[in-house]
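Residue-level structure breakdown
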Amino acid sequence: MEALKKTIYEIGTITDPRNNPLLKMWKVQISSGTRPLTQHQHLCFELMMVNAGSGIYCTKMGQYSMQSGDLFVFPSNEWHCITEVGAKGLTITNLQFDPTYIGESLPGNAGTLSPVNSSFCFHHKENFCHRIEAVHAKPLAPLFTKIKEELEQQASGYVLSVKSYLNLFLVTLIRKFDYLDNTSMRSHEHLMHLQLVFSYIDEHLTENLTLRELADISALTPTYFSQLFKEIVGVSLWNYISSKRIDKAVRLITAEDCNKTMLEIATECGFNNTVNFNKTFKKIMGMSPREYKNGGFIGIS
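This section reports on the structure supplied with the text. (Residues numbered from 1 in each chain as written. Predicted model: local features only at pLDDT ≥ 70, side-chain atom pairs only at ≥ 80, totals over all residues. Heavy atoms only, no water.)

**Some points on the environment of Tyr 57**
Tracing the sequence through the fold places Tyr 57 in strand β4 (residues 45-59). Tyr 57 gets classed as buried once you look at its relative accessible area, which sits at 0%. The sequence separation of Tyr 57 and Phe 72 amounts to 15 residues, and the corresponding C-alpha distance is 9.4 Å. (Helix = DSSP H or I, 4+ residues; strand = E, 2+ residues; numbered from the N terminus. Buried < 20%, exposed > 50% of the residue type's maximum accessible area, 1.4 Å probe, protein only.)

Here it is in structure tokens:
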């Protein structure tokens, strides 16, 4: 089979005050073909719906077939890769959101997913299946569609509406699909402190962050903070920071008006040289920054 080709249609994006994307949705049409297994990962929590066609999804839990109406759920930092698309091609809709998005307060202090469930994006029960077959996805599909409609139409209050539908989607995963790993939950106080650390990292991503300064923000000792961070987030503090920096690099590399050199991109994302930048990028994305820029698998998870 030939290599996969894709066409990407952006549906909508919600950003923070610094113009960093908190949530984005796009549609991808993929031609029939195959691609090498690339164990890429990202911090964003990902939801994907199969609109039409068929294919194969590879994950650390094994291979899944893809059929129209199926929903796929990928928590942060779990690698996944579409390796094959059937003879009739494949059309999918992807939704990604930053883990900090569901921990932020809505306007007017309206409720969001409980802070106790802030580890939601990083943990799930071991027996949770990434694929929710179309026949079982009926409680979730309308909520996914509502998010899409709100992002497309952008009517008054759509940002609030998107978050409300997303929270309903996540609550449904907990109630009807036994998603949540309760053993990973921590106290409200600890999780709120971690939210402050997430925000600080975002604001100072290009700086030389230290364990001491981040532990001070959480009001914990460096050793305990480091242990707690990995327990809740599922990766070490430094892997998290590296992933955030690579996420930013991907946005810069794929921007239509980007004319920066790789050194400029590396520096803007907190790396002091291209050697470290290239090594980290390949470890997370499965290919070099230049390979990604020159076609890669942008838009295909």
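Alright, that's what it looks like, and here's the rest.
**Structural notes on the pairing of strand β2 (residues 21-30)**
Where strand β1 (residues 6-15) meets β2, 9 bridges bridge the pair, whose relative direction is antiparallel. What sits directly across from Glu 10, in β2, is Trp 26. Hairpin connection between β1 and β2: a loop of 5 residues separates the two successive antiparallel strands, and Asn 19 in this loop has a positive phi of roughly 70 degrees. Bridge analysis of β2 against strand β7 (residues 80-97) gives 8 bridges, and the strand direction is antiparallel. Looking at the pairing, Ile 30 lines up with Leu 90 of β7. (Pairing = 2+ DSSP bridges.)

**Re the side chain of Lys 248**
By the element assignment, Lys 248 lies in helix α6 (residues 237-254). There is no salt bridge for the buried Lys 248, and the closest opposite charge comes from Glu 268, which lies 4.8 Å off by N-O distance. Sequence-distant contacts of Lys 248, that is, excluding residues within four places in its chain, are made with Leu 205, Thr 206, Glu 268 and Cys 269. (Lys, Arg positive; Asp, Glu negative; His and termini not counted. Salt bridge = Lys/Arg side-chain N within 4 Å of Asp/Glu carboxyl O. Contact = heavy atoms within 4.5 Å.)

**Quick look at the packing of helix α4 (residues 211-218) against helix α5 (residues 222-233)**
Relative to each other, α4 and α5 sit at 80 degrees, their axes nearing to 9 Å. Taken as axis vectors, α4 and α5 run roughly perpendicular relative to one another. Here α4 contributes Leu 211, Arg 212, Leu 214, Ala 215 and Ser 218 to the contact with α5, which in turn contributes Pro 222, Phe 225 and Ser 226. Its residues assigned to classes, the contact of α4 with α5 shows 5 nonpolar, 2 polar and 1 charged. (Axes fitted to C-alpha atoms, helices over the stretch in contact; angles between N-to-C directions. Parallel < 35°, antiparallel > 145°, perpendicular 65-115°, else oblique. Nonpolar A, V, L, I, M, F, W, Y, C, P; charged D, E, K, R; others polar.)

**Observations concerning the pattern of salt bridges**
Scanning all chains against the criterion turns up 7 salt bridges. Between Lys 244 and Asp 98 there is a salt bridge, and its shortest N-O distance comes to 2.7 Å. You can see Lys 244 sitting in helix α6 and its partner Asp 98 sitting in the loop between β7 and β8 (131-132), a full 146 residues away along the chain. In terms of burial, Lys 244 and Asp 98 fall into one category: buried. One network of salt bridges, in which partners are shared, links Asp 98, Asp 202 and Lys 244.

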